[in-house]
Structures are given as C-alpha cells and as structure tokens.
Amino acid sequence: MLILLPPSEGKTAARRGHPVDLAALSFPGLADARSEVMTALSKVSAHEDASAVLGVGGSLLDEVRRNIGLRDAPAAPAHAVYSGVLYDALGYRSMTVTQKRKAEAAVVVISALWGAIGFGDAVPAYRLSMSVELPGTGRLAQFWRRHLAEVLDERAQDSLIVDCRSSTYATVWAGPPERSVGVNVFQERSGRRTVVSHFAKHTRGELARHLLTRRGKQPGTAEQLLRAAGERWTCELEPSSGRKAAQLNIILPGT
C-alpha cells in the first residue's frame, strides 16, 4: 500500500540536527532536481519581491527568509516537520513502534521543494507551494511532473495507491487508474452533500491513521479499501473507468 499525502502549509522547524542530505532522502534519483529547486528558492527568497513571487502574505516574511539558509538549517523527520489538520489527525507520535514502521514504509509526501519524500526523511522547514513559478525553474507542478514519473512508477509497482493529496499536488503524478483510489470527503445535511476543506483534511488524516493502525492485512484493492474505511465511516466507491482512478467517497453527517 502506498499512501500519498500533500505537505502542510505550516511546518515545525527543527531546533537542532544535521542539515539535509539530498542524496540520503528517499528517491535519491531526485537529488539534482531538488538541488536545482532549492537554489532557485534560496535566490528568490533573498529578493524584496520574494513574498509576491511565492504567493504569501507579509506576515510570513520570516518563513520566506528561512528559505535562504535551507542547505545549512537543521533537519528533522518529515512526520515531525509537517504539521496542521491532516498531520494532527494522522497522529504519528502516538503510534506504536510497529505502526510507525508501517507509516514510514507506506507514506510518501509530495512536495514542491523535494518532489517526493518518505515519512522518515530528514528535511528542514521551508515555505514553498506547488503552484509557484520560480525564476529559471518554471512552474513547479510542470517541473516535478517531468521528474516524478519514473521514481514513483517504480515505488508504486503493484501497490494499492491511496491518494489523499489536494488537487494542486495531485497533478504532478498519477498512478495506474486500476490501482489508484482518490479520497473525497463530503458532509451531508438534509440529503445535500458539500465539500468542507477543514473536515476533508482532518478525515484524510484519520483515514491514513486507520489504515496504518488497524489490525489485519492492508488493503490491496479498491474494494478492500472500501471495506476498511467502512469500519469507521459511511463510504461509497466509484470504480475506476478508463483513465480515471476509483474514488472513495467518505460521507460525514452534517451538524
């Protein structure tokens, strides 16, 4: 099983530790591409118009400036750096040792800076979105689309791909539709369904945790994923069709 997660906007910077070793991260074939993006990000973050280029507000200027020194900044495991609604719901820190091993084996985070990293990979905190266009590198979604296919195709192989990414990050790589399942979250009230971003992030994090902590064999098909998710939620499965992956719809009751 391969669980794809988006990064979080907010990140917790490590207070101590060695700098990132690009070649030691998962998917070492991406080292040169990572270095190119890191160099471009460092340069643009030193300019006066950095916030505008990176699409962030002035209140995040300190995080933008932190990008300048990423090569020397202390790094920590991705599961400790990424924070926010989804990662709080996943709750890596409260898992058992065995469950943590499962998480580090199954979870891959798609990142605008790193391309793709494992959950245990040590990285520094940074500020960069996949929607950004960096001078000299171009639009990051297009950049990483060129580099991720080979390494993620190899990583996925015969695994079931549980795709918990947001739409911005889902565009950079798509697994075989017959083995991929996108995860959608709806809130239903009086027969009407709506998408609520906060609940979607939280529920995707809870789903990832459930899959990593439940007893029994990991799901290997979309139907098995539906049954596993059905242990916690009301769910529906839209089967894959042509080039479209299957969709797991989790239905939350309205409040």
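**Q** An account of the layout of surface pockets is needed here, citing residue identities and associated values.
**A** Here the idea is plain: a probe the size of a water molecule rolls over the atoms and shows the empty space left. Its volume calculated, the largest pocket comes out at about 1000 Å³. Looking at the largest pocket, it is lined by 49 residues, and the ones nearest its centre are Pro-6, Arg-165, Ser-166, Ser-167 and Thr-168. Breaking the lining of the largest pocket down by element, the ones donating at least two residues are α2 (50–54), α5 (85–90), β8 (161–163), α8 (167–170), β9 (180–189) and α9 (197–213). Per-element tally for the lining of the largest pocket: the top contributor is β9, with 7 residues. For the lining of the largest pocket, the per-class residue count stands at 25 nonpolar, 16 polar and 8 charged. Taken as a whole, the second largest pocket holds about 260 Å³ of empty space.

**Q** Describe the environment of Asp-121, and please don't skip the residues or the numbers.
**A** Looking at the secondary structure, you find Asp-121 in the loop between β4 (115–118) and β5 (122–123). Overall, Asp-121 belongs to the buried group, its relative accessible area being 10%. Taking C-alpha positions, Asp-121 is 5.1 Å from Pro-77, a pair spaced 44 residues apart along the chain. If we ignore the near neighbours within four places in the chain, the residues touching Asp-121 are Leu-25, Ser-26, Ala-76, Pro-77 and Ala-78. Among the polar contacts made by the side chain of Asp-121, one reaches the main-chain amide nitrogen of Ser-26 at a distance of 2.9 Å. Here the side chain of Asp-121 touches Gly-118 through a polar contact of 2.8 Å, landing on its backbone nitrogen.

**Q** Go over the packing of aromatic side chains, please, and point to the residues and values.
**A** Aromatic ring pairs are defined here through the distance separating the ring centres and the angle between the ring planes. With the rule as written, the count across this model stands at 6 aromatic pairs. When the ring of Trp-114 is compared with that of Tyr-126, the centres are 5.8 Å apart and the planes differ by 85°; the resulting orientation is edge-to-face. Pair noted here: Trp-114 is in the loop between β3 (107–111) and β4 and Tyr-126 is in the loop between β5 and β6 (133–134), with a separation of 12 residues, a long-range link. For the pair shown, Trp-114 and Tyr-126 are each scored as buried. Ring-pair connections join several aromatic residues into one group, and the members of that group are Tyr-82, Tyr-87, Tyr-92, Trp-114, Phe-119 and Tyr-126. Lys-11 extends its terminal NZ or CZ atom over the ring of Tyr-126, reaching a point 4.4 Å from the ring centre. In this arrangement the basic side chain of Arg-232 is found over the ring face of Trp-233, its NZ or CZ atom lying 4.6 Å from the centre.

**Q** An account of the side chain of Thr-137 is requested, with residue identities and associated values reported.
**A** Within the secondary structure layout, Thr-137 lies in the loop between β6 and β7 (138–139). Thr-137 has contacts with Glu-36, Val-37, Ala-40 and Phe-143, leaving out every residue within four places of it along the chain.

**Q** Summarise the environment of Glu-236; cite the residues concerned and give the values.
**A** Within the secondary structure, Glu-236 is located in strand β11 (residues 234–238). Among the residues examined, Glu-236 registers a relative accessible area of 34% and is labelled partly exposed. Residues Glu-236 and Leu-140, spaced 96 residues apart in sequence, show a C-alpha to C-alpha distance of 33 Å. Leave out the neighbours within four places in its chain, and Glu-236 touches Arg-193, Leu-226, Gln-247, Leu-248 and Asn-249. Separated by 2.7 Å, the side chains of Glu-236 and Arg-193 make a polar contact.

**Q** Any details on the environment of Tyr-92? Residues and values, ideally.
**A** Looking at the secondary structure, you find Tyr-92 in the loop between α5 and α6 (97–106). You can call Tyr-92 buried: its relative accessible area is 10%. The spatial distance from the C-alpha of Tyr-92 to the C-alpha of Leu-140 is 28 Å, given a sequence separation of 48 residues. Other than its neighbours up to four places away in sequence, Tyr-92 contacts His-79, Lys-100, Ala-103, Glu-104 and Phe-119. Within the local environment of Tyr-92, its side chain forms a polar contact with the side chain of His-79, the two groups lying 3.4 Å apart.

**Q** So what's going on with helix α10 (residues 222–229)? Residues and values would help.
**A** A turn of α-helix holds 3.6 residues, and therefore any two residues three or four places apart point the same way. Taken as a whole, α10 has its buried residues at Ala-222, Leu-225, Ala-228 and Ala-229. Along the axis of α10, the buried positions cluster into a sector of 115°, meaning they face one direction only. Lining the buried residues of α10 we find β8, β9, α9, β11 and β12 (246–253).

**Q** Kindly report on the pattern of salt bridges, identifying the contributing residues and their values.
**A** Going through the model one piece at a time under the given rule, you end up with 8 salt bridges. Among the ionic pairs, Arg-127 bridges to Glu-63, the shortest N-O distance being 3.0 Å. Within this pair, whereas Arg-127 is found in the loop between β5 and β6, its partner Glu-63 is found in helix α3 (residues 61–66), the two being separated by 64 residues in sequence. On the basis of relative accessible area, Arg-127 is assigned to the buried category, the value being 12%. Through salt bridges with shared partners, a single ionic network connects Glu-9, Glu-63 and Arg-127.

What counts and what doesn't
- Residues numbered from 1 in each chain as written.
- Predicted model: local features only at pLDDT ≥ 70, side-chain atom pairs only at ≥ 80, totals over all residues.
- Heavy atoms only, no water.
- 1 Å grid on protein atoms, 1.4 Å probe; cavity = no way out; pocket = protein on both sides within 12 Å on 5 of 7 lines; lining within 4 Å.
- Points joined across faces, edges and corners; volume = space filled by probe spheres on them.
- Helix = DSSP H or I, 4+ residues; strand = E, 2+ residues; numbered from the N terminus.
- Nonpolar A, V, L, I, M, F, W, Y, C, P; charged D, E, K, R; others polar.
- Buried < 20%, exposed > 50% of the residue type's maximum accessible area, 1.4 Å probe, protein only.
- Contact = heavy atoms within 4.5 Å.
- Polar contact = N/O pair within 3.5 Å; in protein donor to acceptor, adjacent residues only side chain to side chain.
- Phe/Tyr/Trp six-rings, centres within 6.5 Å; stacked < 30°, edge-to-face > 60°.
- Lys NZ or Arg CZ within 6 Å of the ring centre and 35° of its normal.
- Arc of directions from axis to C-beta.
- Salt bridge = Lys/Arg side-chain N within 4 Å of Asp/Glu carboxyl O.

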